[in-house]
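An overview of the molecular structure
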Amino acid sequence: MTNEQLPQTSPTVADVVAALDGLTGGRVTSSAGGDNPWAISKDSGIPGKAVTERPGLVWGSSDKPVRRLAVAMTITEHHIELAYASGVDAIVAHHPIADAASSGGVTLADYLSLYGVAVLECHEAFHGLHPGMAYLHGHRPFHVDPAYGGVHGLVVMVGRPLPGVTTIGDVLTRLDAGLERSLDRRILDDERAARQCAGLVDSATAPGMRVLAGDPDAPLGEVILHAFPHTGFGEKQLSQLLAEYPAISTVIFSISAAAADSPVVTSAAGRGLNVLVGSTHASEIFENGLPLAFGLSALLPDVDVVLFRDRVVSIPINSVGTGALREYGHVMAQEHLLPRAEAVRAGAAATTAAATPLSNSEQAS
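One structure accompanies this document, and this report is about it. (Residues numbered from 1 in each chain as written. Predicted model: local features only at pLDDT ≥ 70, side-chain atom pairs only at ≥ 80, totals over all residues. Heavy atoms only, no water.)

Concerning the sheet that holds strand β14 (residues 304–307)
To summarise the sheet geometry, strands pair through backbone hydrogen bonds and adopt either a parallel or an antiparallel arrangement. How we decide: Note: two strands are recorded as paired if DSSP finds a minimum of 2 bridges between them. Secondary structure counts use DSSP, requiring at least four H or I residues in a row for a helix and at least two E residues in a row for a strand, with both numbered from the N terminus. With axes taken as lines fitted to C-alpha atoms, and helix axes fitted only over the stretch in contact, angles between N-to-C directions fall between 0 and 180 degrees. Residues are treated as being in contact if the distance between any of their heavy atoms lies within 4.5 Å.
Read from one edge of the open sheet, five strands run β3-β6-β5-β4-β14, paired in mixed fashion. In this open sheet, the two strands that pair with only one neighbour each are β3 (56–59) and β14. Taken pair by pair, the neighbouring strands of this sheet meet at an average axis angle of 30°, ignoring direction. In terms of strand pairing, strand β5 (residues 90–93) meets strand β6 (residues 118–121) through four bridges, oriented parallel. Bridged to Val92 within β6 is Leu120. Along the sheet face, helix α1 (residues 13–23) touches β3, β4 (68–72), β5 and β6 and points at about 10° away from the line of β6.

Regarding the layout of surface pockets
Convention followed: Buried and open spaces are told apart on a 1 Å grid over the protein atoms alone, a cavity being a set of points where a 1.4 Å probe fits but cannot get out and a pocket being an open set with protein on both sides within 12 Å along at least five of seven lines. Residues with an atom within 4 Å of a point are the lining residues. Grid points are joined across faces, edges and corners, and a volume is the space filled by probe spheres set on the points. For this classification, the nonpolar set comprises Ala, Val, Leu, Ile, Met, Phe, Trp, Tyr, Cys and Pro, the charged set comprises Asp, Glu, Lys and Arg, and every other residue, Gly included, is treated as polar.
Taken as a whole, the largest pocket encloses approximately 470 Å³ of empty space. His127, Gly153, Val155, Thr231 and Glu284 are, among the 26 residues lining the largest pocket, the residues nearest its centre. The set of elements that each furnish at least two residues to the lining of the largest pocket consists of α4 (132–136), β7 (139–145) and α9 (284–299). Looking at the lining of the largest pocket, its residues break down into 10 nonpolar, 13 polar and three charged.

Overview of the environment of Ala349
Tracing the sequence through the fold places Ala349 in helix α10 (residues 324–355). Ala349 sits 334 residues away from Asp15 along the chain, and the two C-alpha atoms are 63 Å apart.

Comments concerning the pattern of salt bridges
Filter applied, for reference: Salt bridges are defined by distance alone: a side-chain nitrogen of Lys or Arg within 4 Å of a carboxyl oxygen of Asp or Glu.
By the definition in use, this model includes 10 salt bridges. Here Asp176 ties to Arg181 by a salt bridge, and the two come within 3.3 Å at their closest N and O atoms. Residues joined by salt bridges that share partners form a network here, namely Glu191, Arg195, Asp202 and Arg311.

Re helix α5 (residues 168–178)
Rules: We call a residue buried when its accessible area falls under 20% of the maximum for its residue type, exposed when it is over 50%, and partly exposed in between, using a 1.4 Å probe and counting protein chains only. To be clear, the arc concerns the directions from the helix axis to the C-beta atoms.
By the burial criterion, the buried members of α5 are Ile168, Gly169, Val171, Leu172 and Leu175. Summarising the axial view, the buried residues of α5 lie within an arc of 160°, below the 170-degree limit, and thus occupy one face. Those residues of α5 that are exposed and angled more than 90 degrees off the buried face are Thr173 and Ala177. The secondary structure elements touched by the buried residues of α5 are α4, β10 (210–213), β12 (248–255) and β13 (274–280).

The values reported here are purely geometric and, on their own, carry no functional implication.
As structure tokens, then:
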């Protein structure tokens, strides 16, 4: 059914915005001071790469009918193409959306207008609204700060173990079962067999849950600190939280991981704390996306809500395809790219030689 054939009573993008505003407790469209405090700019100082996230409608008409709605983590051209091909009218993304980065290197307006897909985002405005991340990792938070130390996005949780979760190993077992990782492993095994490539790995299974300090059978203790290294969490924040909550005995890192020899891990281990790595960004579409999707479905019962799940696959180049694709890649590189590289190298060598002063013996000869 095309958009032109949709009944006039169909829910609209405005209804999706209102549903998001309700689910976030008013963080999308309302604020006390006029400017929405959840519209946050992110800038690491890389020239031209700053972005501002604006919870709510990013692109599209508010009166556009919506019969199928997708919830995604990070939009790319893959999501836009999938939306168009599968009849999705609007996408709600968790992460902020940016020109080119989210649209195949071109402007969002051109790409999204081509297919008539509306896009909404809800990132920091969605953080801290439910305890799902903690629940899956086996603890109940009694303190959640989505902007620890005043830094938006630096989320920390402090909680106590759920009944039946008593050791580090229990956390990893619970997480493996709760995220149904056995299904991902079966899918990976099937693709390896189909491609006849044992070296194939994917983002759903490769970043493994593991213990960085402590023993799997060690007790979790009374209080758990749950943090996310990619948000800027480090040794400074660890020390501050241990001063605030001295009963902390276990540190869980999830979404991203710290290295075993990183300062924050060695500091925690030196204090006798257990440290483990839990889930990764590959599963956040379940941890955060799925509750959001079910919430939107409940508020918009006439809308078909789907989940866009990312799975990135790493394939050794000599195992890509069954022969024709590899030959194509090899020919294009050999006939068009490598000659350019050789010309650049030759030119650089000539320039260097011309700029190098001759020695006395060379001048004499």
